[in-house]
Amino acid sequence: MTDRTPMAERQLMAWFLRRSPASGARRVLPFSAAIGSETGLVRKQNEDRAAIARGRDADGRVFVVAAVADGIGGMQDGHVCASTGLASLFTSLLYQAQRGVPAELWLEIALYAANESVFRDYRSNGGTTLSVLLLLEGGGGYWASVGDSRIYAMDDVLVQLSKDDTIAGQLGKARAGSEQSKLLQYIGIGGSLEVSIHAVEEAQQGMALLTTDGVHFLESANGLLELVVRHAGDFGSCVRRLIELSRWCGGPDNASAVAIPFSSEGLVDDAPLSSSCLDVWDAFGEIRILDLVEVPSARREPFHSEDRSSNPLGASEGPPPEIAVSEASNASTSGAVKAKKKSRAKAKAKTKTEGKVPQVQIQFSDKEG
């Protein structure tokens, strides 16, 4: 993280890194979703992060994004990398939505932004997986996965939508040795990252389930994962049972899961009215991030695909708006005073030369001025 990191991203990262219980699961009532995360019995700390965010785009349309991130073991600061990846992903999605970028490009831009944020801090010595589902008001959406966290669809049967970025995953093997289980790519790897975005099928119904490997290792136990999901009854019970079962089976890894309906019904309930707000939930609490600096009009221009060749993150030239404001506020006091006096002098001179200046009256509820 640098001084040029947007304030909203800093706030989210600090929130994701706050002290939390070893285990937690909760329902996200506005749209019948649920989130759970569990440290397990082997790991000393939880390097997973799982969250849901909701906001509005420039046209007022509500969007919801669910994501899980698993900081890579054996590399530096897995929990920090996972937090950085999620914070960058969510804030980048918010900025793309504010700019009026076509929704089909949001995930691609946001995933490359998350990769850049982690790589900038760790130079491929730290990284995280990231699986994400974007749902849009009115129906439809997009999903993507980098690493070996997963996205499933549960309707009549449990189907794995994502493909693990491992040799075994690419070959379609359910089980593999350690060499074939190594990640081929991850968030934070740098310039070699290749992102594939998939559209949610129009006929897709039922539940989307996002998991880290501390949960989906249960899939190898004779269909146990599908049995739990099928018979859970509701999303909250599903998530709670999955992370508890992971612990009962030895808790070999951090276990996190997000369950959310593919349907867009309920997305609008209690949604923030402004496109500058982002509501975020995780297994332990919720927060509303306010992007207090208005995005310049240039950032709302439609994003053209040819722009990505020169600027893959879709960022506008120059510093982010937060930094521009910060730099302006750091001007010396004496300089500001001189400028103010000069402005007043010009105003007086203009009044003398141009004659009477039209007066503006502002009326308040209890007085006039």
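Residues numbered from 1 in each chain as written. Predicted model: local features only at pLDDT ≥ 70, side-chain atom pairs only at ≥ 80, totals over all residues. Heavy atoms only, no water.

Q: Give a detailed account of the overall build of the protein chain, specifying residues and quantitative values.
A: Check the secondary structure of the protein chain and you find 9 helices and 13 strands. Evaluated residue by residue, the protein chain yields a buried proportion of 49% over its 369 residues. Contacts in the protein chain between residues far apart in sequence, at least 24 positions, make up 71% of those at least 6 positions apart. Working note: accessible area of the protein chain is about 18,300 Å², and carbon and sulfur atoms make up 50% of it. (Helix = DSSP H or I, 4+ residues; strand = E, 2+ residues; numbered from the N terminus. Buried < 20%, exposed > 50% of the residue type's maximum accessible area, 1.4 Å probe, protein only. Contact = heavy atoms within 4.5 Å. Areas by Shrake-Rupley, 256 points an atom, 1.4 Å probe, with all protein chains shown as cover.)

Q: Account for the pattern of salt bridges, with residues named and values stated.
A: Under the definition given, this model contains 12 salt bridges. Across the pair D279 and R54 runs a salt bridge whose closest N-O atoms are separated by 3.9 Å. Here the residue D279 occupies a position in strand β12 (residues 277-282), and R54 occupies one in strand β3 (residues 48-56), the gap between them amounting to 225 residues. (Salt bridge = Lys/Arg side-chain N within 4 Å of Asp/Glu carboxyl O.)

Q: Talk me through the packing of aromatic side chains; I want residue IDs and the actual numbers.
A: In the structure shown here, the tally under the stated rule is 4 aromatic pairs. Here the aromatic residues W15, F16 and F90 are joined through ring pairs into a cluster of three or more. Positioned above the aromatic ring of W15 is the side chain of R18, whose terminal nitrogen or guanidinium carbon lies 4.0 Å from the ring centre. (Phe/Tyr/Trp six-rings, centres within 6.5 Å; stacked < 30°, edge-to-face > 60°. Lys NZ or Arg CZ within 6 Å of the ring centre and 35° of its normal.)

Q: Give a description of the sheet that holds strand β1 (residues 23-28) that names residues and reports values.
A: Hydrogen bonds between backbone atoms are what pair the strands of a sheet, whose relative direction is either parallel or antiparallel. Judged by pairing direction, the sheet is antiparallel, and its 6 strands sit side by side in the order β1-β2-β11-β10-β7-β8 without closing on themselves. With partners counted over all chains shown, the strands left at the sheet margins are β1 and β8 (158-160), one partner each. Direction aside, neighbouring strands of the sheet carry axes that sit 15° apart on average. Taken together, the 3 bridges between strand β7 (residues 150-154) and β8 define a ladder with antiparallel strand orientation. Residue pairing across strands places Y152 opposite Q160, the latter belonging to β8. Sitting on the sheet, helix α7 (residues 235-248) touches β1, β2 (33-38), β10 (207-211) and β11 (255-261), and the angle it makes with β2 is about 15°. (Pairing = 2+ DSSP bridges. Axes fitted to C-alpha atoms, helices over the stretch in contact; angles between N-to-C directions.)

Q: With reference to specific residues and values, describe the nonpolar core.
A: Grouped together as the largest cluster of nonpolar side chains are 50 residues, with contacts concentrated most on L89 and F90. Among the secondary structure elements, those contributing two or more residues to this core are α1 (7-16), β3, β4 (62-70), α2 (78-99), α3 (106-122), β5 (130-136), β6 (141-146) and β12. Ranked by the residues each element gives to this core, the list is headed by α2, at 11 residues. Other than its neighbours up to four places away in sequence, F90 contacts L12, F16, A51, I52, A53, V65, A67, L278 and V280. (Core = buried A, V, L, I, M, F, W, Y, C linked by side-chain atoms within 4.5 Å.)

Q: Help me get a handle on the environment of P261, residues and values and all.
A: Looking at where P261 falls in the secondary structure, it is placed in strand β11. When the C-alpha atoms of P261 and A33 are compared, they prove to be 6.8 Å apart, with 228 residues separating the residues in sequence. Discounting residues that sit within four places of it in the chain, P261 has contacts with F31, S32, L135, G206, M207 and F235.

Q: Run through the packing of α2 against α3, naming residues and quoting values.
A: Running from N to C, α2 and α3 point in directions that differ by 140°, and their axes come no closer than 8 Å. One way to sum up the angle between α2 and α3 is to call them oblique. Seen from above, α2 lies across α3 with right-handed handedness. Contact residues: V80, C81, T84, G85, S88, L89, S92, L93, Q96 and A97 in α2; W106, L107, I109, A110, L111, A113, A114, S117, V118, D121 and Y122 in α3. Tallied by class, residues from the contact of α2 with α3 come to 14 nonpolar, 6 polar and 1 charged. (Parallel < 35°, antiparallel > 145°, perpendicular 65-115°, else oblique. Left-handed = near helix turned anticlockwise from the far one by under 90°. Nonpolar A, V, L, I, M, F, W, Y, C, P; charged D, E, K, R; others polar.)

Q: Account for the confidence of the model for the protein chain, naming residues and giving values.
A: With 76% of its residues at a pLDDT of at least 70, the protein chain reaches an overall mean of 81. Below pLDDT 50 for its whole length, residues 293-341 participates in 50 contacts with residues either more than four positions away or in separate chains. Ignoring residues within four places in sequence, the model shows residues 346-369, a span with pLDDT below 50, making 6 contacts including any to other chains. (pLDDT = per-residue confidence, 0-100.)

Q: Tell me what's going on with the pairing of β3, and back it up with residues and numbers.
A: Burial runs high along β3: 9 of the 9 residues are buried. In β3, alternate side chains face the same way, and those of D48, A50, I52, R54 and R56 on one face and R49, A51, A53 and G55 on the other are all buried. Taken together, the 9 bridges between β3 and β4 define a ladder with antiparallel strand orientation. By the bridge assignment for β4, A50 is matched with V68. Hairpin connection of β3 to β4: 5 residues between the antiparallel strands, including G60 at a positive phi of 90°. Bridge analysis of β3 against β12 gives 4 bridges, and the strand direction is antiparallel. Along β12, the bridge assignment pairs I52 with W281.

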